[in-house]
Amino acid sequence: MSTITNYKKIPKDISSKDDLDFQYLKKIGIEYIESMGGGLWSDLNDHDPGVTFLEMLSYAISDLGARLEMPIEDILASKTDPQWTKQFYRAEEILPMCPVTELDYRKLFLDIPGIRNCWIQPYDQSIYVNCTDKTRSYDLAILTANYKEVKLQGLNCVIVDLEEGTGLEVVEPLIRELYNANRNLCEDLVEVKEVCQHPISICTKIELHRNADENLVHAQILDAIEAYFSSEIHRYSLKEMLDKGYRTDEIFEGPLLEKGFIDSVELGEAGIRSEVRLSDLVNIIMDIEGVKVIPEITMQDCHEHKDGTDWIICLKPSCKPILVPSGGFSVLLNEPGKGETKIPLLDCTLSSVFNYVKDVIPTPFDPITVQEIRDEIQVANELQNTLTSLDNRLTFSLGQYSDIGETTTIQNDFPETYGIGPYGLPASASGERRAKALQLKGYLLFFDQILASYFAHLDKVKDLFSFDNSTAPTYFTQAVKDLKGIDNLTNNYPQMDDVALSDALMSGLDDSVDRRNEVLDHLLARFAEQFSEYSFLMKQLYGIGADLAIIDSKEQFLQEYVEISGGRAKGMNCGFEQPYWDTDNISGAQKRIARLVGIKNYDRRFLYRSNVQINENSGVFTWTISTDGINPIIEGDGTTSSIDEALEQICFAVHLFFSVSIADIEAIDPATDINPITGLRIGGILITNPGVGDFYFKAVHYPALNSPIPVAISYNGTFATWEETKADLIAIINHIQTNFVEEGMFLVEHIMLRPEFDPPVGSTVDPFFPVCEDDCLDDCSLDPYSFRVSIVMPGIGPRFSNPDFREFMEKTIQTELPSHIIPKICWVGFRNGSEEADTCELSRFESSYHTFLEHKVGGLYDPAVNAELIDSLIHLNTIYPSGRLHDCKDADFSDSILLGRTNLGTTQ
């Protein structure tokens, strides 16, 4: 197989640098002049005024080119933000992420003081399913013969190796707090326990070199053996990690630590040792400087008391070896699987013996001196770790603000004989001479303004490519402020207001919505993200009114990208006394999905209590939309005879207000724009003014040409002035486009619904998921807990009741959830006032979920609460918009149910 070595790449620098070459610009300009007017203009020498103009323009262009070549940090710097934080996230913000893997969690816990090493292992817990009477239990003894065993997945046990003097009761709350704040979706921490100890004695005779310090050698041997028995975790500074050859993204991978960086390769090798080899100990001792030879060495297992030498000692699971000191000791060990219960395992009567000789002369060590040396080594290591923690952030050059957009008129650089500079013409100049100079100044002002616009755009790059620029203008200019006599050349030229000048000169060119979308697409592409499908669908639903919503969704996504990217696999924090309702304490997947589909408010809250109110009186349905569920802002125009008609009106009203631009409303001149007979139509909003005052507007649906159907009106009715009308209309449009939501999402992790392993005494409630008929035929269905979630969403609202949007939402959920997690998606619920509202499944689910979380974060367990939530989940049924069955021959599919594309009758 041949290797292709001839490949192409995109160069980073494609600039020709021609804009920096004054002579080149002048030469090209003269060539252009010759091609355009060479037959009439032949004197192109330096004394010619036209060439002088060309030189001035070439100089200005070279100035602009020089500023474009400035370091990017200087271009983006501002007086208030030299670190350009509006355009870029720092490495320690964007590169780390919440822990996902075992190594990530180990790094996280190693930042806790007192933990020497730690490991995470699966917690072994089985559920037994009786396939005869369809029951589940943790206790195999109470089941009959026909059963199947299911091992729960996602449950974890943390094993810690503590520093001397640190107790498990100190670190366990810290571990649980950190774990809950960084918990993987569909996983839970069941147990924290201390690693048990397996004592081993070593007896050896070691020959030293004549100049070796026996006390130092013995201290180093003890430290080396201890590091071998319980792998020591080294900390590194940023520079040390770079020197090891790691890239920046590799260094910051995983959680951001406070005590320096940990090499993932080294950490992976520092597992719980399963055996101790005598040959390893020989190699370790021989590596110590000063050791000459080891004539004798034996190793014995304190548990076995065997005579002779053990070449390999196998360790008990989750135990670490420890060196028996001289004189032996009595050991209290943790027995695996029994938590913190310490039992006397064995009195170790063996002792470790280290004899040193130089040639044949015995050389005893001094235990006190050895301990002092070890203490000094420990202090030096702690100091090194402290210094390492100070160098754990990537630094970069700060930008130097230089007012890069500053401009000056080119007219001040012309020779004085032209009379257009700051000194003007002499007092003796004639009126005709002054008129010609003024005419030339007006001609050159055109070029001045173009150059001023270029410099203004360069200055605004830092704002244009920021995450929170909203719909601010994307074309800019600035006033030419140092031109003498500019008042004689212009009318209404705002020299001190660049915003007003930009609006006057550039507003006709600036499609700020489209250009802002393009800029945001560029910023999203930096992170390999895109909103194309969402944008297309929103355009289908709301037309041009979706533009502002799309921009807002992209900006929110970028502004929160650190959290919704780094925390995308994180579950909610179930720690004690954490907020659980009316809170953003939800899973990272929910936050990311919400921002990808444009959900404004992803807080966990009651969604059944909609801000849309539908009322029924004697078969007549009326509706209102409010900002807070109390104070209406719009209401239905007229009455409807069914709940479906009312829902249709609401969807039309939201669509019509969504489709109107606030800028178009603000630009209305009521005296000239509003026809006293036909009114003024802006999108789907009809504004009328039949007399003096009495302004009135309503949302109108046009199903056919010139046949409007009123949909909604302002709740305030008529207005005496246009300013009152405009303010109310803009408030409604703002609310509909940015704040109006009947949208939200609940994500229930089934692993959190598992019954306690030791349920309360006397409990008669069975809080397990019920066993269905087909479960025992399919092993995958036997376990409803491991890596399964239920996603519950209201099936109401203009978007959530739309089949196309539902399909997009479900696709996004399946794409963004971790691949090993299986979701069950339900669209449930009805609005207040609807016929079905009294038996609303969404209301029941919200109530039971609220109670469950209240108990969960409060550290309580009530089987009845679990059972109620499980029962509400399994009885959820997706609601669908009304429609008609069609075959593929029909042309109109607007309200059709197409066979094979609709999951009727299922909630899976």
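The preceding data block contains the structure.
Asks: Whenever I open this one, the overall build of the chain confuses me. Can you help?
Replies: The secondary structure content of the chain amounts to 27 helices and 27 strands. Expressed as a percentage of its 908 residues, the buried residues of the chain come to 47%. Long-range contacts, defined here as pairs at least 24 residues apart, represent 72% of the contacts in the chain between residues at least 6 apart. A total of about 46,200 Å² of accessible surface is found on the chain, and carbon and sulfur atoms cover 53% of it.

Asks: For this particular structure, what's the right way to read unusual backbone geometry?
Replies: Excluding glycine, most residues fall at negative phi; most peptide bonds, likewise, are trans. A positive phi angle is found at Asp403, which is not glycine, with a value near 50 degrees. The exposure class of Asp403 is partly exposed, given its relative accessible area of 33%. In this model, Ala528 sits at a positive phi of 60 degrees, which is unusual for a non-glycine residue. Structurally, the position occupied by Ala528 is in the loop between α16 (512–525) and α17 (532–542).

Asks: I would appreciate a short explanation of the state of the cysteines in the present structure.
Replies: What makes a disulfide is a covalent bond joining the sulfur atoms belonging to two cysteines. For the coordinates displayed, the defined rule picks out 1 disulfide. A sulfur-sulfur separation of 1.5 Å characterises the disulfide bridge that pairs Cys196 with Cys319. Every disulfide takes its handedness from the sign of the S-S torsion; for Cys196 and Cys319 that torsion is -100 degrees, giving left-handed. Within this pair, whereas Cys196 is found in strand β7 (residues 196–208), its partner Cys319 is found in strand β11 (residues 319–323), the two being separated by 123 residues in sequence. Grouping residues by exposure puts Cys196 and Cys319 together as buried.

Asks: Any chance you could explain the packing of aromatic side chains here in plain terms?
Replies: The geometry of an aromatic ring pair is captured by two quantities: the separation of the ring centres and the angle between the planes. For the coordinates displayed, the defined rule picks out 30 aromatic pairs. Seen in terms of ring centroids, Phe252 and Phe261 are 5.3 Å apart; in terms of plane orientation they differ by 85 degrees. Their pairing is edge-to-face. Taking the centre distance of 6.0 Å and the plane angle of 25 degrees together, the rings of Phe800 and Phe805 count as stacked. Each of the two residues, Phe800 as well as Phe805, counts as buried. Through pairs of rings, three or more aromatic residues link up here, namely Tyr89, Phe527, Phe531, Tyr534, Phe557, Tyr561, Phe800, Phe805, Phe808 and Trp827. The ring of Tyr236 carries the charged tip of Lys244 above its face, separated from the ring centre by 4.6 Å.

Asks: How should helix α2 (residues 49–68) be read in this particular structure?
Replies: Owing to its 3.6 residues per turn, the α-helix aligns residues three or four sequence positions apart on the same side. End to end, α2 covers 29 Å across 20 residues, agreeing with the expected 28 Å (1.5 Å per residue, within 8%). Inspection of α2 places Gly50, Val51, Thr52, Leu54, Glu55, Met56, Ser58, Ala60, Ser62, Leu64, Gly65 and Arg67 among the buried residues, and these make up the whole buried set. In this structure, the buried side of α2 is in contact with α1 (22–37), α3 (72–76) and α13 (431–459). Where α2 begins, one side-chain oxygen reaches toward the backbone nitrogen of Gly50, 2.8 Å away; that side chain belongs to Asp48.

Asks: Just checking my understanding: could you explain the sheet that holds strand β25 (residues 822–828) for this structure?
Replies: Sheets are built from strands paired through backbone hydrogen bonds, the pairs being either parallel or antiparallel. Sheet architecture is open: 3 strands sit in the order β23-β24-β25, paired in mixed fashion. Bordering the open sheet on either side are β23 (746–749) and β25, each of which pairs with just one other strand. Mean inter-strand twist for the sheet, computed between neighbouring axes without regard to direction, equals 20 degrees. Sheet topology places β23 next to strand β24 (residues 788–794); 4 bridges connect them, and they run antiparallel. Looking across to β24, one finds that Leu747 is bridged to Ile791. Its contacts with the sheet put helix α25 (residues 803–816) on β24 and β25, and the angle it makes with β25 is roughly 155 degrees.

Asks: Whenever I open this one, the nonpolar core confuses me. Can you help?
Replies: Among the nonpolar cores identified, the biggest contains 86 residues, and Trp623, Phe657, Met793, Met809, Ile813 and Leu817 are the most heavily contacted of them. Look past the residues within four positions of Phe657 in its chain and what remains in contact with it is Ile634, Ile685, Phe697, Ala699, Leu729, Ile732, Ile733, Ile736 and Gln737. Counting residues in each nonpolar core, the second largest holds 38 residues, with Phe768, Leu782, Leu853 and Leu873 among its members.

Asks: Looking at this model, I keep getting lost on a nonpolar patch on the surface. Mind explaining?
Replies: Together, Leu383, Leu387 and Leu390 line one region of the surface with nonpolar side chains, adding up to about 330 Å² of accessible area. Following the sequence through the fold, Leu387 ends up in helix α12 (residues 367–390). Residue Leu387 is classed as partly exposed on the basis of its relative accessible area of 47%.

Asks: Looking at this model, I keep getting lost on the pairing of strand β20 (residues 685–688). Mind explaining?
Replies: Remark: a regular strand shows side chains that alternate across the two faces of the sheet. With 3 bridges connecting them, strand β19 (residues 680–682) and β20 associate as antiparallel partners. Within β20, the position partnered with Ile682 by the bridge is Ile685. Between β19 and β20, which pair antiparallel one after the other, the connecting turn spans 2 residues, and Gly683 there sits at a positive phi close to 65 degrees. Pairing geometry for β20 and strand β21 (residues 696–701), over 4 bridges, is antiparallel. Residue pairing in the sheet places Ile685 in a bridge with Ala699 of β21.

Asks: I tried to follow the sheet that holds strand β1 (residues 115–122) on my own but got confused; where do I start?
Replies: A sheet is described by the order of its strands in space; here 3 strands give the open sequence β1-β5-β6, paired in mixed fashion. Each edge of the sheet is formed by a strand with only one pairing partner; in this case those strands are β1 and β6 (188–194). Adjacent strand axes in the sheet meet at a mean angle of 25 degrees when their direction is disregarded.

Asks: Looking at this structure, how should I read a negative patch on the surface?
Replies: On the surface, Asp366, Glu372, Asp375 and Glu376 cluster together to form a negatively charged patch. Within the element layout of this structure, Glu372 appears in helix α12.

Cut-off values and rules
- Residues numbered from 1 in each chain as written.
- Predicted model: local features only at pLDDT ≥ 70, side-chain atom pairs only at ≥ 80, totals over all residues.
- Heavy atoms only, no water.
- Helix = DSSP H or I, 4+ residues; strand = E, 2+ residues; numbered from the N terminus.
- Buried < 20%, exposed > 50% of the residue type's maximum accessible area, 1.4 Å probe, protein only.
- Contact = heavy atoms within 4.5 Å.
- Areas by Shrake-Rupley, 256 points an atom, 1.4 Å probe, with all protein chains shown as cover.
- Disulfide = S-S within 2.5 Å.
- Phe/Tyr/Trp six-rings, centres within 6.5 Å; stacked < 30°, edge-to-face > 60°.
- Lys NZ or Arg CZ within 6 Å of the ring centre and 35° of its normal.
- Expected span 1.5 Å × (residues − 1).
- Polar contact = N/O pair within 3.5 Å; in protein donor to acceptor, adjacent residues only side chain to side chain.
- Pairing = 2+ DSSP bridges.
- Axes fitted to C-alpha atoms, helices over the stretch in contact; angles between N-to-C directions.
- Core = buried A, V, L, I, M, F, W, Y, C linked by side-chain atoms within 4.5 Å.
- Patch = residues over 30% accessible without salt bridge, like charges linked within 9 Å, V, L, I, M, F, W, Y side chains within 5 Å.
- Salt bridge = Lys/Arg side-chain N within 4 Å of Asp/Glu carboxyl O.
- Lys, Arg positive; Asp, Glu negative; His and termini not counted.
- Charge placed at Lys NZ, Arg CZ, Asp CG, Glu CD.

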